[in-house]
Amino acid sequence: MKKLFSFLFLALSFHAVKAQDNSAKAKQLVEKMTLEEKAQLVVGVGMRIPGMNAAAAKSKAKVPGAAGQTFAIPRLGIPSIVLSDGPAGVRIEPFRNGDSSRSYYATAWPVATLLASTWDTALVKKMGVAFGSEIKDYGIDIILAPAMNIHRNPLGGRNFEYYSEDPVLSGNMAAAIVNGIESNGVGTSIKHFAGNNQETNRNTVNTIVSERALREIYLKGFEITVKKAQPWTVMSSYNKINGTYTSEDYDLLTTILRNEWGFKGMVMTDWFGGKDAVAQVKAGNDLLMPGRPEQTKAIEEAVKNGTLNVSDLNRNCERILETVFKSPAYKNLKYSDRPDLKKDADISRNVAEDGMVLLKNDNDALPFNKNVHNIALFGINGYQLIAGGTGSGDVNKAYTVSLEQGLNSAGYKTNPDLKNDYQNYLQTEKAKRPKKSFMQEFMHPTPPIGEYVVDNNVINKQADDADIALIAIGRNAGEGKDRKLEDDFNLSDTERALIQNVSNAFHAKNKKVVVILNIGGVIEVASWRDNPDAILLAWQPGQEGGNAMTALLDGKVNPSGKLATTFPMKYDDEPSAKTFPGKEFPEQASSGLFGQKSVPAEVIYDEGIYVGYRYFNTFNVKPAYDFGYGLSYTQFTYSNLKLSSKDFNGKIIATVNVKNSGSVAGKDVVQLYLAAPSKELKKPSEELKGFAKTNLLKPGQTVTLKFTIDPKDLASFDTKSASWIAEAGTYTVKIGASSTDIKQSADFNLKKDLTVEKDHNVLKPQVEIPEFQK
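The notes below deal with the structure included here. (Residues numbered from 1 in each chain as written. Predicted model: local features only at pLDDT ≥ 70, side-chain atom pairs only at ≥ 80, totals over all residues. Heavy atoms only, no water.)

### Focus: the packing of helix α6 (residues 167-182) against helix α8 (residues 220-229)
- As a packed pair, α6 and α8 sit with axes 8 Å apart at the nearest point and diverge in direction by 35 degrees. In this structure, the crossing between α6 and α8 has a hand that is right-handed. Where α6 abuts α8, its residues Pro167, Val168, Gly171, Asn172, Ala174, Ala175, Val178, Asn179 and Glu182 lie against Lys220, Gly221, Ile224, Thr225, Lys228 and Ala229.
- For the contact of α6 with α8, a count of residues per class yields seven nonpolar, five polar and three charged. (Axes fitted to C-alpha atoms, helices over the stretch in contact; angles between N-to-C directions. Helix = DSSP H or I, 4+ residues; strand = E, 2+ residues; numbered from the N terminus. Left-handed = near helix turned anticlockwise from the far one by under 90°. Contact = heavy atoms within 4.5 Å. Nonpolar A, V, L, I, M, F, W, Y, C, P; charged D, E, K, R; others polar.)

Structural data, given as structure tokens:
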């Protein structure tokens, strides 16, 4: 033990000395830089778009398709570092210089919401290690991921990129993947900091939110990740918070992020984020991306005319250089351009299997019984997988495995006539779609292909011939546009009819029907879920999705995913339904980026801290499927919850036994919620404070899980004193299989009010917010 402590002390000392050396070296280099070089270093080289930045458009990209680069200063030995999208895999050009004989594909990993649905930080870290290896192999220094905004509303266009409605789950998942990726010596950029919970008017919207909701919901996940992982960089968001652009907000980027949380890395803007380059420098937004010549000019002029202190510019340059010093580019590391995609595909499939959620399974419809051989596969998404979302969250991958391909690979037979009907329909519809560049599609997305109308005679024949019916329902969304209610959150009339007609025909033959949801965000399920026998939520599972789905359907893998976000009975039950995505001010519109119309807007977070299950549970609004919910092919029994003390004195240790009381091996997700006194500070009925996923438990096997409850877990943010306060009284520890399925509970007492932390009184809203009252 002494040797271990000695080793850890030496390791920590080494890293501290190394950080000090890099800091000193950065200061020395900045002293040698001209003003022009400093202004160039804090502004990226620009996007290679003709007409926007002539120098960038003519320059050669180190990694074609990467999102951006920093300026190099060769005379000082400062290289350019490469930044690349995105959250679900490296997004670069798959071919270079017109040579189709050599590809540069990357692994399409499962989307973040699926990762959170695993509730398995060790598995997510393992995936991060593999992800980071690909980043390094392709000569990239920093990946622009993970994205970790909160699922405030199910119509958020980029919810698939984000983990959860809960900041504790989000923060721990992000910390796990950051630690995994950065173990390869490459960097991450946690984003979008903060309050970027919609795509509508994302560059102009003013997010009006209380200090308490900010601290407890929208900043908390970032705080956890910073403290547990110290990512190389943080990316500021597009929006304003309470009147100020986040990239220009000193209190957000310096007072909170650096001074309160102890962040030691570099802050960069989102691409074209903010308006005022000088204000961004002053706020502590070190790097402006992708970079525009007018920003460099504005910074130089501000220093010369005295409106920008050169010490602020020097500080930002030093932070950028300290990041550069850690990069593969600075170390001149060779990269292969040949990652082990086969190995990584296996990891991607394993993660996908662990994060899919079994929502319904009546009469043991799943797994397939021994009599299932011939399968009737309905739905266009059974034949074309949605591996991930669109925009910067997309990945250029070598292949995707559809559900049909996965089933066939596992030895099941899908009906060739039905397949032919669907493929002909898809081919015809795809031929009608206009060919667009990435930017054209980004600015003007093409509507998705509608569901194929299957004749009832065909359905009835399939019911006669097949052993079981599978119906695949798909949804996609992405950057730049939020989802809509019609034919998106709600099923289309064609989809409803398909589920109804297939269910009627197959049930008439005493055969089962299973719906598979290949979706990136929450949809309405309550109105149609009684029709099928089973529902498997596959999310957007990465390129190996079809194989992963099949493994769960036929029982090779026992489902163990749990929901990281609530499924409401209907959209109007959502606490933010009336305020999302806010109010526009068209009379103030102007011309924005790429000639697009820029419309000022505001959105008021009047639900305050009551987001997701915090609202549904506290206000007794029954969801379709609650946060933390998910079924298994086995059963688990919880027992013997013990607390280390009946009185809180610095911390409480909770232990609980979990037994596989069913007949097949499986994993379980155990969730710890805490109910706190609600006196001066009104609180949700319970909040997630810890979670753990068991290993694969054999039938009859028991494991004991341990959770630590710290002072901060008891506390809520008091706006008046800018403090985290735990109120005196009785606290209830709730151990659950979901946020409403509580299996064990126990109480402890806090004898007197406890001020856990004193923070700064900043980011105040400029208007009164009529927040929900409990």
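Still more to cover.
### Looking at the environment of Gly608
- With respect to the secondary-structure elements, Gly608 resides in the loop between β19 (601-604) and α21 (613-618).
- In the structure, Gly608 is positioned 164 residues away from Phe772 in sequence and 6.7 Å away in space, judged by C-alpha atoms.
- When sequence neighbours within four positions are dropped, the list of residues in contact with Gly608 reads Ala213 and Glu771.

### Let's talk about the sheet that holds strand β4 (residues 187-193)
- Across the sheet, which stays open at both edges, the six strands sit in the order β1-β2-β3-β4-β6-β9 with mixed pairing between neighbours. A strand with exactly one partner marks an edge of an open sheet, and here the two such strands are β1 (68-69) and β9 (266-268).
- In the sheet, β4 pairs with strand β6 (residues 233-236) via three bridges, with the strands oriented parallel. Its bridge partner being in β6, Phe193 is matched across the sheet by Ser236. (Pairing = 2+ DSSP bridges.)

### Details of helix α15 (residues 416-432)
- Here α15 is 17 residues long and its end C-alpha atoms lie 25 Å apart, about the 24 Å a rise of 1.5 Å per residue gives.
- Those residues of α15 that fall on the buried side of the exposure criterion are Leu418, Tyr422, Tyr425 and Leu426. Down the axis of α15, the buried side of the element spans an arc of 95 degrees, and every buried residue falls inside it. Exposed and facing more than 90 degrees away from the buried side of α15 are Pro416, Asp417, Gln427 and Ala431.
- For α15, the elements touching its buried residues are β11 (374-378), α17 (456-465) and α19 (493-508).
- The backbone nitrogen of Asp417 has a side-chain oxygen 3.0 Å away, supplied by the residue at the start of α15, namely Asn415. (Expected span 1.5 Å × (residues − 1). Buried < 20%, exposed > 50% of the residue type's maximum accessible area, 1.4 Å probe, protein only. Arc of directions from axis to C-beta. Polar contact = N/O pair within 3.5 Å; in protein donor to acceptor, adjacent residues only side chain to side chain.)

### Thoughts on the nonpolar core
- Formed by 158 residues in total, the largest nonpolar core has its most connected members in Phe193, Phe368, Phe378, Leu470, Phe506 and Leu517.
- At nine residues, the largest contribution of residues to this core is made by α6.
- The contacts of Phe378, once residues within four sequence positions are left out, are Leu418, Tyr422, Val454, Ile459, Gln462, Ala469, Leu470, Ile471, Ala472, Leu498, Val502 and Phe506.
- Counting residues in each nonpolar core, the second largest holds 40 residues, with Trp232, Met235, Cys317 and Ala329 among its members. (Core = buried A, V, L, I, M, F, W, Y, C linked by side-chain atoms within 4.5 Å.)

### Things to note about helix α13 (residues 341-355)
- Its 15 residues give α13 an end-to-end C-alpha distance of 21 Å, which sits within 8% of 21 Å, the value for a rise of 1.5 Å per residue.
- Those residues of α13 not exposed but buried are Asp344, Ala345, Ile347, Ser348, Val351, Ala352, Glu353, Asp354 and Gly355.
- Taken together, the buried residues of α13 touch α4 (112-118), α5 (121-137), β10 (357-361), α20 (545-553) and β23 (687-693).

### Regarding the environment of Pro146
- Tracing the backbone shows Pro146 in the loop between β3 (142-143) and α6.
- Distance from Pro146 to Leu688, taken between C-alpha atoms, is 21 Å for residues 542 residues apart in sequence.
- For Pro146, the residues in contact, after removing those within four places along its chain, are Tyr163, Ala174, Ile177, Val178, Thr188, Ser189, Ile190 and Lys191.

### Remarks on the side chain of Thr254
- Its location among the elements puts Thr254 in helix α9 (residues 250-260).
- Polar side-chain contacts of Thr254 include one of 2.8 Å to the backbone oxygen of Ala283.

### Quick word on the pattern of salt bridges
- Going through the model one piece at a time under the given rule, you end up with 44 salt bridges.
- The partner of Glu223 in a salt bridge is Lys712, with the nearest N and O atoms 3.1 Å apart. Of the two residues, Glu223 sits in helix α8 while Lys712 sits in helix α22 (residues 711-714), which places them 489 residues apart along the sequence. Each member of the pair Glu223 and Lys712 is classed as buried.
- Among the ionic pairs, Glu429 bridges to Lys432, the shortest N-O distance being 3.0 Å. On the criterion of helical spacing, the pair formed by Glu429 and Lys432 is a turn pair, its members being three residues apart in helix α15.
- Given the relative accessible area of 21%, Glu429 is considered partly exposed.
- Shared partners join several salt bridges into a network, and the residues in it are Arg158, Glu161, Glu199, Arg202 and Glu479. (Salt bridge = Lys/Arg side-chain N within 4 Å of Asp/Glu carboxyl O.)

### A word on the sheet that holds strand β20 (residues 636-643)
- Pairing within the open sheet is antiparallel, and its three strands lie in the order β20-β21-β24. Looking along the sheet, the strands with just one partner apiece sit at the ends: β20 and β24 (702-709). Across the sheet, the mean angle from the axis of one strand to that of its neighbour is 20 degrees, orientation sign disregarded.
- Taken together, the six bridges between β20 and strand β21 (residues 652-660) define a ladder with antiparallel strand orientation. Paired with Leu643 across the two strands is Ala654, which belongs to β21.

The quantities given are spatial measurements derived from coordinates; they are silent on function.
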